[in-house]
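# Commentary on secondary and tertiary structure
Each chain is listed here by its residues.
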Amino acid sequence: MSEVVGTSIKKKKRSFLKDRIMRFKVVAFIKKNLFLSVFLLLLILSFPVGFWDVKKYEFYDLNGDIISETISSSVSNYLKENVTGENYFLLSPLTLEKGLYMAIPKLKTAKIEKVAPNKLILFLEVFDEKYTAYLRDQKCYILSYEGIVLDSVCEKEKTQCCQQYALDNSLIYFFSQEVEPSISEGEKDKLLIMEEVGKIVKIVEKFNYKIERIVLNKEIVELYDDSDRVFRFTISADIDTQLKRFIIVAGKINSDEMDFSSLDLRFERPVMRE
């Protein structure tokens, strides 16, 4: 009889202990939310094993063009050095976009989307090359339409090489011994004068004049086309006013099929020479 009583007491103790454990809030929560508890456990375990570490990338061009191997390689190298292995949740797309923009001169914009658990999709836009520029610092730069410095070339041969590079790559050659790129913290290197010059080029080209070279000297801007005609402006006066004069005169020239060697827009009455 004593054996039965002893066994009964042991069973009651075990049952009492089990009941007490099951009454703990954490245990009760786990039991009541078993699926959620398993999910949270797996999530916690996924961090040490690197499940959320960024390691995959995809590149797309915003305009639907093919991304050049140079840009693709530059972006890939930047990501490998600065992003690979970063936690998916801690990675800031805005910070990464800014970093890419500053690190790669030819990159115009970068839009980044995160795809769980460890992938980034990048939508890229690059600057188009528009000019080569030989400047006051005796360096030859490749510039965008906006004047952003994209690269430098011709480190040895200088002037002649710079002009030939423009010819070989269908770029406009810009020459000036008065200006050089501006270097600003947090921004790309830029030739500021190209904001004004770019306005002129854009309007002149709309009248089907193919500009091949530009010379800036003592605030006078001279644009030469493929027929060696010259269009003359000055940056010391309002460019928009001079462009309005050009539009009126160029329209008259086209309608009357007039031939000319130079057109000077610096004066209220533009001067045209045959």
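Attention in this report is confined to the structure presented alongside it. Quantities reported herein were computed from a predicted structural model and do not represent experimental measurements.

### Re the state of the cysteines
- Throughout the structure, instances matching the rule amount to two disulfides.
- Across a sulfur-sulfur distance of 2.0 Å, Cys140 and Cys162 are joined as a disulfide pair. For the disulfide bridge between Cys140 and Cys162, the dihedral angle about the S-S bond is near 80°, and by the sign convention the bridge is right-handed. With Cys140 in strand β5 (residues 140-144) and Cys162 in helix α6 (residues 159-168), this residue pair connects regions lying 22 residues apart in the sequence.

### Considerations on the pairing of strand β10 (residues 230-234)
- Among the five residues of β10, five are classified as buried, and the element is accordingly described as predominantly covered.
- Of the two faces of β10, both are covered, the one formed by Val230, Arg232 and Thr234 as well as the one formed by Phe231 and Phe233.
- Taken together, the five bridges between strand β9 (residues 220-225) and β10 define a ladder with antiparallel strand orientation. What sits directly across from Val221, in β10, is Phe233.
- Linking β9 to β10, which pair antiparallel, is a turn of four residues; within it Asp228 sits at a positive phi near 65°.
- Bridge count between β10 and strand β11 (residues 262-264): three bridges; the pairing is parallel. Counted as the bridge partner of Val230 is Ser262 from β11.
- Crossover β10 to β11 through helix α8 (residues 239-256) is left-handed.

Basis of the calculations
Residues numbered from 1 in each chain as written. Predicted model: local features only at pLDDT ≥ 70, side-chain atom pairs only at ≥ 80, totals over all residues. Heavy atoms only, no water. Disulfide = S-S within 2.5 Å. Helix = DSSP H or I, 4+ residues; strand = E, 2+ residues; numbered from the N terminus. Buried < 20%, exposed > 50% of the residue type's maximum accessible area, 1.4 Å probe, protein only. Pairing = 2+ DSSP bridges. Right-handed = clockwise from strand over helix to strand, strands pointing away.

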